Amino acid sequence: MNNTAGTANSYSTAHDRFAAQLRGFGPAGILATLVIAAGQLLAPLSAVLVLVWARLSRTPWREIGYVRPKSWIGSLGVGVAFGITFKLLMKAIVMPLLGASPTNQTYHYLVGNRAAALLAAGWTMTVVGGFGEETVFRGYMFERLGKLLGVSPGARTVTVLVTAALFASLHYFDQGRSGAEQAIITGLVFGTVFAVTGRIWMLMCAHAAFDLTAVAIIYWNLESAVAHLIFK
C-alpha cells in the first residue's frame, strides 16, 4: 500500500515538475514554443499544439483567453458584426489610402469558383483563421509574453506590437506587402481588444467573419467596386 502511494506521489511530483518546465523559459519551454511555431507550416496544427501545451503545462484556460462568455449568442453576434464592418472599412477606406491594389491576387482564383470558395470559407478562413490564428497569436503569445514581460500597461503595449508584427510577417509570405499591411492593422486591433478583455471567443468570431467577408467580396468579383466605393 505504501509502495503504491509512493509511486503515485513520485509520478505526481514528476508531472508537476514537467508542467512547470513547460510553463517556464528553460529548454522545455523553448522547445515547446519552437514546436508550436513549426506547427504553423500545417496550420491549424499550431493551435492544437497550444491546447496540448496548456493541458500538459497545467496552464489555466483563461490565461490563453478561453473564458466562457456571458452570452455565447451575444458574443457571436458582436463578433460577426465587428468582423464584417472592420473588413469593409479596411477594403473601402484603409487599404486604398495605403495604395493597395483593389484585388487580392493570391485569392483571385476564388472569383466565381464555388467549390474553392466554400473550401476557403469553411477551412482556411474559419478554422485556420478564426480558431487557429487567434489561439496562437492572441491566446498563446499573449500568455507567453505576459509571463516574460509582465502585465503592466507598457508591457501589454509591447505585447500587442510584437504579436501584430509577427502576425503581419506570416501574411507577407503569401500576400506580399499589402497583405502584411492589412495583417498588422488587424493584429493591432484584435490584439488591443484581447489585451483589454482577455477573452478570445468574440475575436475568433470576428476574425472568421472578417475573412469570410473577404471571400464573399472576391467570389462575387466585388473587390474593385468596394475598393473604389469612397475613393473613385
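Each remark here, short or long, concerns the structure printed above.
What comes next is a walk through the structure. (Residues numbered from 1 in each chain as written. Predicted model: local features only at pLDDT ≥ 70, side-chain atom pairs only at ≥ 80, totals over all residues. Heavy atoms only, no water.)

## Section: the overall build of the chain
- When helices and strands are tallied, the chain shows 8 helices and 0 strands.
- When the helices and strands of the chain are placed in sequence order, the string is α-α-α-α-α-α-α-α.
- Taken along the three principal axes of its C-alpha coordinates, the chain extends 80 × 40 × 35 Å.
- Scored against the burial criterion, the 232 residues of the chain give a buried share of 40%.
- Within the chain, counting contacts between residues at least 6 apart in sequence, those at least 24 apart form 76% of the total.
- Of the roughly 12,400 Å² of accessible surface on the chain, 70% is carried by carbon and sulfur atoms.
- Taking the 17 positively charged and 9 negatively charged side chains of the chain as two groups, their mean positions are separated by 7 Å. (Helix = DSSP H or I, 4+ residues; strand = E, 2+ residues; numbered from the N terminus. Buried < 20%, exposed > 50% of the residue type's maximum accessible area, 1.4 Å probe, protein only. Contact = heavy atoms within 4.5 Å. Areas by Shrake-Rupley, 256 points an atom, 1.4 Å probe, with all protein chains shown as cover. Lys, Arg positive; Asp, Glu negative; His and termini not counted. Charge placed at Lys NZ, Arg CZ, Asp CG, Glu CD.)

## A closer look at the packing of aromatic side chains
- As enumerated under the stated definition, the model contains 12 aromatic pairs in all.
- Here the aromatic rings of Phe-82 and Phe-190 are separated by 6.1 Å at their centres, their planes lie at 70 degrees, and the arrangement is edge-to-face. Taken as a pair, Phe-82 in helix α4 (residues 72-97) and Phe-190 in helix α6 (residues 153-197) lie far apart in primary sequence, 108 residues in all.
- Taking the relative accessible area as the measure of exposure, Phe-82 reaches 26% and is therefore partly exposed.
- Relative to Trp-220, the ring of Tyr-219 lies with its centre 5.4 Å away and its plane at 70 degrees, an arrangement referred to as edge-to-face.
- One aromatic cluster is present, formed by Phe-82, Phe-86, Phe-190 and Phe-210 through successive ring pairs. (Phe/Tyr/Trp six-rings, centres within 6.5 Å; stacked < 30°, edge-to-face > 60°.)

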